[in-house]
Amino acid sequence: MKEEQLRDLLNSMSLKEKVFQLVQIPGQYFLSGVADTGTKTDGRPTDEELALVGSTLGIFGAKTTADIQMQHLKRHPHHIPLLFMHDVVHGLRTAFPIPLALGASFSPELVKQCSAAAAAESAASGLHVTFAPMLDLVRDPRWGRVMESFGEDPFLNAKLGKASVEGFRGCDGKMPEKGRVASCIKHFAAYGAAEAGRDYTGADLGGRQLREFYLPAYREALNAGADMVMSSFNAIDGIPATGNEELLRSTLREAWGFEGVLISDWNSVGELATRGVCSDLRQAAKLAMHCGVDIDMCSFAYARHLEALVREGEITEAQLDSAVFRVLELKNRLKLFEDPLRGVTPAGEERTILSPVSRALARKAVCECSVLLKNTGKQPLLPIAPERKTAFIGPYVDSKELHGAWAVSTDPEDTVSIRQAAEEFARVQGRQFIFSKGCRMTCREDLGPKSEESAVMAFREDAFPPQIEISDDPMLKEAVAAAESAETVVACLGEHRLMSGEGASRGELTLPEDQLKLLRSLQLANRNIVSVIFTGRPLDLREVCALSRSVLLVWMPGTEGGNGILDLLTGSAEPGGRLSMSMPYCLGQVPVYYNHFNTGRPKAENTKIPYYVSAYIDIPNSPLFPFGYGLGYTDFSVSGFELGAEKAELRNAAEAGPVTVRAMVKNIGPRCGQTVVQLYMRRPSAEALTPVKELKAFQKLALDPGEERELVFTLGSDAFCHVSADGSLHADKGTYRFTVGLNSESEDWKSLELL
Ligand code: GLC
C-alpha cells in the first residue's frame, strides 16, 4: 500500500478503531476467548474489541494463524490484518543454544545463521515479529535472564545483536524479507542491571554507564534495521523505563531518530501504576503514550483509557495518529495488506520445521558455543580415546529438557539426549557405554512440575540436607558401581532449565546439592572424571573443577544438545566457545566483569597482604575463569604483536585512525583446531574513569598443526570514541594501550599516542 493510501486508511478510522490498533492481547483470547494472562489485567476484551485489536502474541502455526487472520480480516471494519508476535529468542521448534551460549561462539556468522533459521521456522508458522534479540548487557549471574543475553561486553553484544537482527529480518533495510520476521529488540533499556539480580526492580546507574556500556548494542541493532523496540520493566535512576521520557523520547526517538514501533513489555504500562509513578491505569496510559509507547502489551491501559484521554484532550489525536501510523506502516512493510497470509501453508510449515538443515546447524552451534574450562593431565581425558570404557552418569544423561527457559515452543521430544546420542554413536562404532542417573535433577524432583508449590519449591534446597549413606540410596549406589567399572566417567550435571530465565533469579550459584553429593561419590570411585555442565548462567564451579580432570560447559545446548556434546566428547569436533560472561570465583565476588574501572588502590597480583588495597581477605579478585577464556584440543601462541604506528592524529575530536594492529597466531599443538584472538584497548582516563580494558576486535580462526597466520586488525574512529553526555561521539587525546591475546587476562601492552 502506498503511504497516501495508508494515510487515507488512518483518516477513515474511528477513534476507537485507532486506539485498538495499539492494543496487544494474548493469543489465547483468539483460541478460547478466555485466557489467564498471568497478570492482574482489567477484565477481558469484549467480542467487539477482539475484532479491533492490532496485534497478538504467543500463538503460532500455519493453520491456526491463517484461520484467525481470515476471521479477523472479515470482522475488522477496515479489514486491517492482525500482527502475530512471539518470543523466538533462540529458536521456535528447533532450539539453538541459549543466547549466552551463542555469545560464547564469538561468531557473528553463526548467530546470523541461527537467527535466520529461527526466522524461517517462525515465518512458516505464520509469525510476523519476534521479540528478539535481547541485547541487555549482563554482569550479575544471580539474574535468571543472563541466559537470554549475549553477555558482559558491549562490543561483542553489539556485533552479535547486529548479526541476529540481520538473520531474523534479512539485510535489505526497509522490509523484512519473505521467510523472515520483523525483529523487536529488547529490553530498552539496561534491564540487565537489575538490582540484586532480581526481575522487575531498578537499575541505579549513571548516564555514563548507560551510554558507554548498556546502550551501544541497542543502537547497533537499530542501525542494522531492527523494526521494533520493547521498553523494559526496570527503572533507571528511579524512573521506570516504560514511562521514561528522557530514555524513550529524547534518546530513542530524537537523538537516535528511531521511527519504528515501540511496544511495552507485558503489562509494564500497568506497572507504572503498581510502582506508584502513576496514580492509576488512566495516568499510566497517558504517561506511556506521552513517552511514545505505541503498543500496550496486555495491560489494557490503552484499551480502557486512551479513547477518553483523547476525547478529553489529555492526549492529542495527532499523538495517537503517529502511534497508529507506525503500526500500520509496519504491517505495510510486511505486505500484510496485499498478502495477509504471506504465502504460509501447513505444507510449507511442515517442510521448514525441524528441517535436517536446521538440525545440522543446531548441532554445529553446540560445538561452536561450548567452552572447555579444564582438561588437565599428561593424557587429558578429552577427547575420550575410543578404547576407554566410559560411563555416562548424572541426571542429564537421559534428560531431553536441554532447550533453555525461553524455548517456549520447543517440544522436548524433539531433543536428542546425551544417552540417545551415545547409544547411536556406540551402535555405529560397535562400542559399549554404561549409563546411570545417579541422582535427581533437583532436591524436589519428586513433586513434579504441576503444583504451584512445586514450581516455587522445586529448586529451593534444604539448607542443611540430612547426610545419607551411599548404601541407603540405590541410585547413588548404582552410579558408584558404574564409576568403579569404567575407565572414564562423564558426569552429566547442571541446573534445571527452569532455574534460569525470566523470574528465575538465584541466591546461590552452585549446582544442586544432590548433584554435588553424586560428584563427590563418583570421584572417590574413579578419579578420571569429565564433568559436562548444563546451565543458563555462570556458576560457582570451584568444587566441580576440583573433583574433575576435565570440565566442559555446554550451557543449555538446545534440540541437538546430545549429538553436539558427543561430537565434542569423541573429538569429531572441538569446543569453539570462549566465555561471554566471567565465571565468578564464588557468589560473593558478584558482580565480577573484566571491563571494570581501575581503583585508587589496585591490588597488584603479587600483593601478599591484601590490606588497604581493593581486595578481599578471603578470596581472589579475579574470576575463576575470565571473559574470553576457553580451551580447545590443541594449543595456540600469539606473538609478534605490533602497532602500525606509535602516534595517530585525532581529527575534529571524533575522527582517529585508522590504526593497524598485527599479530602472529600459531597452532603449536598436535591437531587442527580453532581459537579466538582478542584485541583489547585501554583508553586514557580523561574527565572520567575508563575501563581497565575493552574488547575492540576479535577474530575466530582455524589452523592446522604448525600453521601460523598473521592477523591484521584495523581500528577506526569508533574504536577510539565514546559517547559523551550530549550524545556525541568523542575521543580523548592521550596514550592508548593495546594488548592481543586469547582471553581478557592478556597483559602484553603496547602504546600509541593520539595527538
Ligand atoms: C515477558 C518478557 C519479554 C517477553 C514478553 C512477551 O515478560 O519480559 O522478554 O518478550 O513478556 O512474552
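The shown structure was predicted, so the numbers you read here are calculated from the model rather than taken from an experiment. (Residues numbered from 1 in each chain as written. Predicted model: local features only at pLDDT ≥ 70, side-chain atom pairs only at ≥ 80, totals over all residues. Heavy atoms only, no water.)

Draft legend 1. Just the pairing of strand β22 (residues 659-667), in detail. Burial along β22 is one-sided: the face carrying Val659, Val661, Ala663, Val665 and Asn667 is buried and the face carrying Thr660, Arg662, Met664 and Lys666 is not. As judged from the six bridges shared by strand β18 (residues 636-643) and β22, these two strands associate in the antiparallel manner. Residue pairing for β22: Phe636 is matched across the bridge by Asn667. Pairing geometry for β22 and strand β25 (residues 708-715), over eight bridges, is antiparallel. Following the sheet pairing, Met664 is matched in β25 by Glu710. (Buried < 20%, exposed > 50% of the residue type's maximum accessible area, 1.4 Å probe, protein only. Helix = DSSP H or I, 4+ residues; strand = E, 2+ residues; numbered from the N terminus. Pairing = 2+ DSSP bridges.)

Draft legend 2. Examining the environment of Val659 more closely. Within the fold, Val659 resides in strand β22. Judged by relative accessible area, Val659 falls into the buried class, the value being 3%. In the structure, Val659 is positioned 299 residues away from Ala360 in sequence and 39 Å away in space, judged by C-alpha atoms. Beyond its immediate stretch of four places on either side in the chain, Val659 contacts Ala648, Phe713, Thr714, Leu715, Phe720 and Leu752. (Contact = heavy atoms within 4.5 Å.)

Draft legend 3. Quick peek at the site of the ligand. With respect to spatial proximity, 13 residues lie near the ligand, and among them Asp87, Arg145, Lys186, His187 and Asp265 are the closest. Taking Asp87, its side chain carries an N or O atom lying 2.5 Å from an oxygen atom of the ligand. Contact distances for the ligand include 2.6 Å between an oxygen atom and a side-chain N or O atom of Asp265. Here the ligand has 310 Å² of accessible area as a free molecule, and 93% of this is covered by the chains. Residues that form the shell around the ligand fall into these classes: seven nonpolar, one polar and five charged. (Near = heavy atom within 4 Å. Polar contact = N/O pair within 3.5 Å; in protein donor to acceptor, adjacent residues only side chain to side chain. Areas by Shrake-Rupley, 256 points an atom, 1.4 Å probe, with all protein chains shown as cover. Nonpolar A, V, L, I, M, F, W, Y, C, P; charged D, E, K, R; others polar.)

Draft legend 4. Summary view of the nonpolar core. Grouped together as the largest cluster of nonpolar side chains are 203 residues, with contacts concentrated most on Phe188, Leu373, Phe392 and Leu569. Not counting chain neighbours up to four residues away, the residues in contact with Leu373 comprise Leu541, Val551, Leu553, Leu579, Met583, Phe625, Tyr629 and Leu631. Counting 28 residues, the second largest nonpolar core, distinct from the first, contains Leu650, Leu679, Ala697 and Leu754. (Core = buried A, V, L, I, M, F, W, Y, C linked by side-chain atoms within 4.5 Å.)

Draft legend 5. Focus on the pairing of strand β16 (residues 529-534). With six of six residues buried, β16 is to be regarded as a mostly interior element. Sheet analysis places strand β15 (residues 488-494) next to β16, joined by six bridges and oriented parallel. Opposite Ala491, over in β16, you have Ser531 as the bridge partner. In this fold, β15 hands off to helix α21 (residues 513-525), which returns the chain to β16; that crossover is right-handed. In the sheet, β16 pairs with strand β17 (residues 550-555) via five bridges, with the strands oriented parallel. Residue pairing across strands places Val530 opposite Ser550, the latter belonging to β17. Viewed along the sheet, the connection from β16 through helix α22 (residues 542-547) into β17 turns out right-handed. (Right-handed = clockwise from strand over helix to strand, strands pointing away.)

Draft legend 6. Geometry of helix α10 (residues 216-223). The set of residues buried in α10 consists of Ala217, Tyr218, Ala221 and Leu222. In an axial view of α10, the angular spread of the buried residues amounts to 135 degrees, which keeps them on one side of the axis. Each element contacted by the buried residues of α10 is listed here: α8 (154-169), β5 (182-188), α9 (207-214), β7 (228-231) and α11 (245-255). Just downstream of α10, Gly225 is the residue with a positive phi angle, here 110 degrees. (Arc of directions from axis to C-beta.)

Draft legend 7. View of the sheet that holds strand β9 (residues 239-240). Here we have three strands laid out as an open sheet, ordered β6-β8-β9, and mixed in their pairing. Two strands in the sheet have a free side with no partner beyond their single neighbour: β6 (202-203) and β9. In the sheet, strand β8 (residues 235-236) pairs with β9 via two bridges, with the strands oriented antiparallel. When the sheet's bridge partners are listed, Ile236 is paired in β9 with Ile239.

Draft legend 8. Seen up close, the layout of surface pockets. Roughly 1,300 Å³ of internal volume is contained in the second largest pocket. Lining the second largest pocket are 47 residues; nearest its centre among them are Arg211, Glu212, Leu215, Pro216 and Val723. Of all elements in the fold, only α8, α9, α10, α11, β24 (694-703), β25, α24 (717-720) and β26 (722-723) reach the threshold of two or more residues within the lining of the second largest pocket. Here the lining of the second largest pocket is built from residues that sort into 23 nonpolar, eleven polar and 13 charged. (1 Å grid on protein atoms, 1.4 Å probe; cavity = no way out; pocket = protein on both sides within 12 Å on 5 of 7 lines; lining within 4 Å. Points joined across faces, edges and corners; volume = space filled by probe spheres on them.)

Draft legend 9. Structural detail: unusual backbone geometry. Going from Val590 to Pro591, the amide bond is cis rather than trans, its omega being 0 degrees. Structurally, Pro591 is set in the loop between α23 (561-570) and β18. Cis geometry is found at the peptide bond from Gly657 to Pro658, where omega equals 0 degrees. Take Pro658: it is sitting in the loop between β21 (655-656) and β22. With phi around 50 degrees, Phe106 is a residue other than glycine that occupies positive phi space. As for its position among the elements, Phe106 is in the loop between α6 (99-104) and α7 (108-124).

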